[in-house]
Amino acid sequence: MAKSIPRTGSRRNARSGSRKSTRRIPKGVIHVQASFNNTIVTVTDVRGRVISWSSAGTCGFNGTRRGTPFAAQTAAGNAIRTVVDQGMQRAEVMIKGPGLGRDAALRAIRRSGILLSFVRDVTPMPHNGCRPPKKRRV
């Protein structure tokens, strides 16, 4: 059976390079979710579509080291490096959670050179919601 020769004008051969690198995003939203065990940094465009993300776990930190400020700083740097290459200049920052990586991630974002329009704390606070679990007896 003879192999088919690919045409030069076919759709498969027309696109060279990935689609992610071609998109230019001037403004975005940086979401930082800092728990006690990990810090997740997600960069989205204004409509909420994810452009880039990173976490302390994906940066190579294991166990209790994922909750450290240095791990959060590394995760924020990794997530932002890709969007700066795509041309992002302005961003809003939403910080959620009580973890140690809050301040370190924000410091890394400030150092990256992106202009921050505002920094907002969106940690969910209950208005006396669920009943807490009973106290531990040790």
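Residues numbered from 1 in each chain as written. Predicted model: local features only at pLDDT ≥ 70, side-chain atom pairs only at ≥ 80, totals over all residues. Heavy atoms only, no water.

In the annotation of an unreviewed UniProt entry, the protein chain is listed under the name Small ribosomal subunit protein uS11c and assigned to Corymbia citriodora subsp. variegata. Under the UniProt heading Subcellular location (unreviewed entry), the entry covering the protein chain gives this text: "Plastid, Chloroplast". (UniProt positions renumbered as here; feature names shortened; annotations may be inferred.)

## Regarding unusual backbone geometry
The phi dihedral of Asn128 is positive, around 55°, even though this residue is not glycine. The topology assignment puts Asn128 in the segment after strand S5 (115-121). (Helix = DSSP H or I, 4+ residues; strand = E, 2+ residues; numbered from the N terminus.)

## Description of the pattern of salt bridges
Across all of its chains, the model carries three salt bridges by this definition. A salt bridge links Glu92 to Lys27; the shortest N-O distance between them is 3.1 Å. Note that Glu92 is positioned in strand S4 (residues 90-96) and Lys27 in strand S1 (residues 27-34), a separation of 65 residues in sequence. Given a relative accessible area of 15%, Glu92 falls into the buried group. Judged by its relative accessible area of 30%, Lys27 is partly exposed. With a shortest N-O distance of 2.9 Å, Asp45 and Arg49 are connected by a salt bridge. (Salt bridge = Lys/Arg side-chain N within 4 Å of Asp/Glu carboxyl O. Buried < 20%, exposed > 50% of the residue type's maximum accessible area, 1.4 Å probe, protein only.)

## Some remarks on the environment of Val50
Among the secondary structure elements, Val50 is positioned in strand S3 (residues 50-55). For the pair Val50 and Val29, spaced 21 residues apart in sequence, the C-alpha separation works out to 9.4 Å. The residues touching Val50, leaving out its near neighbours within four places in the chain, are Arg23, Thr42, Val43 and Thr44. (Contact = heavy atoms within 4.5 Å.)

## Concerning the sheet that holds S3
If you walk across this open sheet you meet the five strands as S3-S2-S1-S4-S5, and the pairing is mixed. With one partner strand each, in any of the chains shown, S3 and S5 form the two edges of the open sheet. Here the average twist between neighbouring strands, direction ignored, is 15°. Inspection of the sheet shows S4 paired to S5 by five bridges, in the parallel sense. (Pairing = 2+ DSSP bridges. Axes fitted to C-alpha atoms, helices over the stretch in contact; angles between N-to-C directions.)

## Topic: helix H3 (residues 69-85)
The end-to-end C-alpha distance of H3, which contains 17 residues, comes to 25 Å, matching closely the 24 Å that a straight helix rising 1.5 Å per residue would cover. Every buried residue belonging to H3 is among Ala71, Ala72, Ala75, Ala76, Ala79, Ile80 and Val83, and all of these are buried. Each buried residue of H3 lies within a common arc of 155° when the element is viewed along its axis, so the set occupies one face. Turned more than 90 degrees off the buried face of H3, the exposed positions are Phe70, Arg81 and Asp85. As for H3, its buried residues are in contact with S1, strand S2 (39-45), S3 and helix H4 (101-111). (Expected span 1.5 Å × (residues − 1). Arc of directions from axis to C-beta.)

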